[in-house]
Amino acid sequence: MTQTPTQAAPVITPADKSMDDIVALCKRRGFVFPASEIYGGINGFWDYGPLGIELKNNLRDRWWRDMVTCPPDGPDGRPLDIVGLDSAIIQNPKVWEASGHLAGFADPMRKCQKCGHFVREDQLWEILATNSKWFDDLLQQFTPHTGEIDTLRLMEWAKRKGKKYAPNLALVRNPEVTMSWFAQRINGQPDAPPDVQELVRYLATEQLHATGLQEPCPLCGGELGDAQPFKLMFESYAGLTQTEDSKVYLRPETAQGIFTNYKNVLDTMRVKMPFGIAQVGKSFRNEVTPRNYIFRSREFEQMEMEWFCHPDEAKQWYEFWVQQRHDWWVSVGVNPANLIRREHDCDELAHYSTACADIEYQYPFTAPGYGELEGIAHRGDYDLSKHQEHARLKLEYFDQQRKEAGEPEDKFRYMPHVIEPAAGLTRGMLVLLCEAYTPDDSRPSKVFMKFDPSMAPIKAAIFPLVNKDGMPEKAEELYRQLRKRWAVQMDVKQNIGKRYARMDEAGTPYCFTIDSDSLADDTVTVRDRDTAGQQRINISQVEQYLADRIDGV
Ligand code: GAP
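Quick caveat: nothing in here was measured; it's all calculated off a predicted structure.

Visitor: Teacher, can you tell me more about helix 13 (residues 314-331) here?
Guide: Each α-helix turn comprises 3.6 residues. Residues three or four places apart therefore point the same way. Counted at 1.5 Å a residue, the expected span for helix 13 with its 18 residues is 26 Å, and the 25 Å between its end C-alpha atoms agrees. Looking at helix 13, one finds that the buried residues are A314, W317, Y318, F320, W321, V322, R325, W328 and W329. Positive backbone phi, at 110 degrees, marks G333, one or two positions downstream of helix 13.

Laid out in structure tokens, this is it:
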């Protein structure tokens, strides 16, 4: 085996990566396309291209393997029991009544009185800071060289840039009165200078009819109305008539299909407490502000597992699953340095949850902060109790063995508690894309996708060095052998450098090249994606070489 020197891979942090570049690569290489792109797209919906669907399926299949087919051993070393399910997306609306989604699944929204734009109450300042054309520009007027608030400069801004970018901001509509009110307030509190939010709220407030500080619309600067709940579930109708009685909802989470089948599973499978039911599938939320690419979309996929257990053991299982799920993300190639565990504060908990920890990832758009990847919720007996009440069906668990062992009644007859690891499949895919994206100026492609080999959409590429002299035939023989086991590609076009560059962007971990020596001595060149190093191996070793590196997880 001969080997050429390898180069060390550069160390890149999430903050060094540009989301625009990642999105462009995903489009260029066929990972993700905007849905209905030829008609101008549709906000919050995405299509997954040929490489995207391979990546998504690899992540989904690994989750299924590690959660359902071969789940981990429990804390006591015993194998865990988890079964799978695929429930309907549309259910009887009573399901959503019982789960609390019909009454409670809504975001507080505020409507701009001037331009009609809606903004989520809890994201207003975040949106202003990251996604408002005028806000950043206005802030720069607060920090002139003197370090003081420069009234003239603000007035000047209002008359020029403000008119263009934030025509409905009070400062722009009525600069003189707004500035005099502003100056009065600022002078009035020399010991407690206002913070940036307060300053902006003064500038969004007209003196004459002010009833309190106004918050500005991120789009036009106009005044926002009071928060109103905005329902997140998509509605449709089942049947010929379109009346209230035939109204149905697209599921906003896969979890409820599991709870409604809890008894079916108990009655048909030989599962005993504790056990889990897992499901992967589409969910739909009419998100107010879909954003950050596929991070928050209106149609997305989830991988959820409901773990049913005795209430006394729930806390221990909660800890177990938080750790398991963190380690699982590391096992699919996420650098642990880019992951954190964050416990929810009481006021953040969903209506069903008594404790929740998020596994968060440092996305390029959150860096140096983090954003949610997966939530592990302690749902208590909320869901089963609600379905028991609404469906009028006993859902308590009866443990014959514990009864025969003479244990007290609360140990053998109880409503199970539930621990729920709920991950986004499409969001997980975004994490793999961000994590893999590795700028490298030394390569012709200037970037490569460093997927864990088991996650890579294409496992290997086979190249004849030139498209003649018997090389394509030999390459095709190898290609036909490997494609029986893996997603591989044969590529005969362009020079070899361009072919490597294409595979670097696709994240293909190994490229095998057939050259004139291959015809003479049956060897091939293997090029390693991460180091760009090359070595020669015998063609008969190729399948095992790949198996060791791809299936060996
Ligand atoms: N059954 C519990 C549940 O659905 P969640 O935190 O709302 O909990 C679980 O969702 C996971 O689903 C999130 O951690 C995230 O990965 C993913 N997810 C939620 N809303 C999403 C959206 N609009 N777009 C993409 N992924 C989303």
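Visitor: How do you make sense of the sheet that holds strand 22 (residues 523-528) when you look at a structure like this?
Guide: Taken together, 5 strands build an open sheet; the order of strands is 20-19-21-22-23 and the sheet is mixed. With one partner strand each, in any of the chains shown, strand 20 (488-490) and strand 23 (534-538) form the two edges of the open sheet. Put simply, the sheet's adjacent strands are angled 25 degrees from each other on average, direction ignored. Here strand 22 pairs with strand 23 via 5 bridges, running antiparallel. Looking at strand 23, one finds that T523 is bridged to N538. Here helix 18 (residues 471-482) sits on the sheet in contact with strand 19 (460-464), strand 20 and strand 21 (510-514), set at roughly 165 degrees to strand 19. Along the sheet face, helix 19 (residues 496-506) touches strand 19, strand 20, strand 21, strand 22 and strand 23 and points at about 170 degrees away from the line of strand 19.

Visitor: Is there a simple way to explain the site of the ligand in this structure?
Guide: If you check the shell around the ligand, you find 21 residues, and the closest are E253, S297, E304, E372 and L373. Within the side chain of E287, a nitrogen or oxygen atom sits 2.8 Å from a nitrogen atom of the ligand. Taking F295, its main chain carries an N or O atom lying 3.3 Å from a nitrogen atom of the ligand. For the ligand, the protein covers 91% of the area, taking 550 Å² as the surface of the free molecule. Counting residues per element, the ones that place at least two in the shell around the ligand are strand 10 (299-309), strand 13 (371-380) and strand 16 (417-424). Ranked by the residues each element gives to the shell around the ligand, the list is headed by strand 13, at 5 residues. Taken together, the residues of the shell around the ligand break down into 7 nonpolar, 4 polar and 10 charged.

Visitor: Can you help me understand the packing of aromatic side chains in this one?
Guide: Each aromatic ring pair is specified by the distance between its two centres and by the angle formed by the two planes. Per the stated rule, a full pass over the model turns up 26 aromatic pairs. A ring pair is formed by W181 and Y202, whose centres lie 6.0 Å apart and whose planes are at 75 degrees; its orientation type is edge-to-face. Placement of W181 in helix 9 (residues 175-188) and of Y202 in helix 10 (residues 196-203) is noted, with a sequence separation of 21 residues between them. Judged on exposure class, the residue W181 and its partner Y202 are both buried.

Visitor: Sorry if this is basic, but what is going on with the pattern of salt bridges here?
Guide: It is possible for side chains of opposite charge to pair when their charged atoms get near one another. Within this structure, the stated rule accounts for 44 salt bridges. Across the pair R379 and D383 runs a salt bridge, and its minimum N-O distance is 2.8 Å. The class of D383 is buried, set by a relative accessible area of 2%.

Visitor: Mind showing me how you'd approach the nonpolar core here?
Guide: If you look at soluble globular proteins, the nonpolar side chains tend to sit buried side by side. F31, W307, W321 and W329 are the most contacted members of the largest nonpolar core, which has 63 residues in total. Residues from two domains meet in this core; each of domain 1 (25-102 + 237-435) and domain 3 (449-551) gives at least three. Among the nonpolar cores identified, the runner-up in size contains 30 residues, and C112, L171, V172 and A204 belong to it.

Visitor: Hey, could you run me through the pairing of strand 19 in this one?
Guide: Side-chain positions along a regular strand alternate between the two faces of the sheet. Burial within strand 19 is extensive, with 5 of its 5 residues counted as buried. Neither face of strand 19 is open: one carries A460, I462 and P464, the other A461 and F463, and all of them are buried. Pairing between strand 19 and strand 20: 3 bridges, direction parallel. Its bridge partner lying in strand 20, I462 is registered against M490.

Visitor: Got a minute to help me understand the environment of N335 in this structure?
Guide: Within the secondary structure, N335 sits in the loop between helix 13 and strand 11 (339-343). Taking the C-alpha atoms as reference, N335 lies 9.5 Å from Y361; in sequence the two are 26 residues apart. From its side chain, N335 meets the backbone nitrogen of A337 in a polar contact 2.9 Å long.

Visitor: Would you take a moment to explain the pairing of strand 16 for this structure?
Guide: Extensive coverage of strand 16 is indicated by the burial of 8 of its 8 residues. Burial of the side chains of strand 16 extends over both faces: H417, I419, P421 and A423 are buried on one face and V418, E420, A422 and G424 on the other. Two elements, strand 10 and strand 16, share 6 bridges in a ladder whose sense is antiparallel. Pairing of W307 across the sheet is with I419, part of strand 16. Taken together, the 6 bridges between strand 13 and strand 16 define a ladder with antiparallel strand orientation. By the bridge assignment for strand 16, E374 is matched with A423.

Visitor: What exactly am I supposed to notice about the sheet that holds strand 5 (residues 118-120) here?
Guide: Whenever strands of a sheet pair, they do so through backbone hydrogen bonds, lying parallel or antiparallel. Taken together, the 3 strands give an open sheet; going across it, the order is 5-4-6, and neighbouring strands pair in antiparallel fashion. Strand pairing shows two members of the sheet lacking a second neighbour, strand 5 and strand 6 (228-231), which therefore form its edges. Here the average twist between neighbouring strands, direction ignored, is 50 degrees. Direction of pairing for strand 4 (residues 106-111) relative to strand 6: antiparallel, over a ladder of 4 bridges. Bridging from a neighbouring strand, D107 pairs with F230 of strand 6.

Thresholds applied
- Residues numbered from 1 in each chain as written.
- Predicted model: local features only at pLDDT ≥ 70, side-chain atom pairs only at ≥ 80, totals over all residues.
- Heavy atoms only, no water.
- Helix = DSSP H or I, 4+ residues; strand = E, 2+ residues; numbered from the N terminus.
- Expected span 1.5 Å × (residues − 1).
- Buried < 20%, exposed > 50% of the residue type's maximum accessible area, 1.4 Å probe, protein only.
- Pairing = 2+ DSSP bridges.
- Axes fitted to C-alpha atoms, helices over the stretch in contact; angles between N-to-C directions.
- Contact = heavy atoms within 4.5 Å.
- Near = heavy atom within 4 Å.
- Polar contact = N/O pair within 3.5 Å; in protein donor to acceptor, adjacent residues only side chain to side chain.
- Areas by Shrake-Rupley, 256 points an atom, 1.4 Å probe, with all protein chains shown as cover.
- Nonpolar A, V, L, I, M, F, W, Y, C, P; charged D, E, K, R; others polar.
- Phe/Tyr/Trp six-rings, centres within 6.5 Å; stacked < 30°, edge-to-face > 60°.
- Salt bridge = Lys/Arg side-chain N within 4 Å of Asp/Glu carboxyl O.
- Core = buried A, V, L, I, M, F, W, Y, C linked by side-chain atoms within 4.5 Å.
- Domains from an automatic or database assignment.

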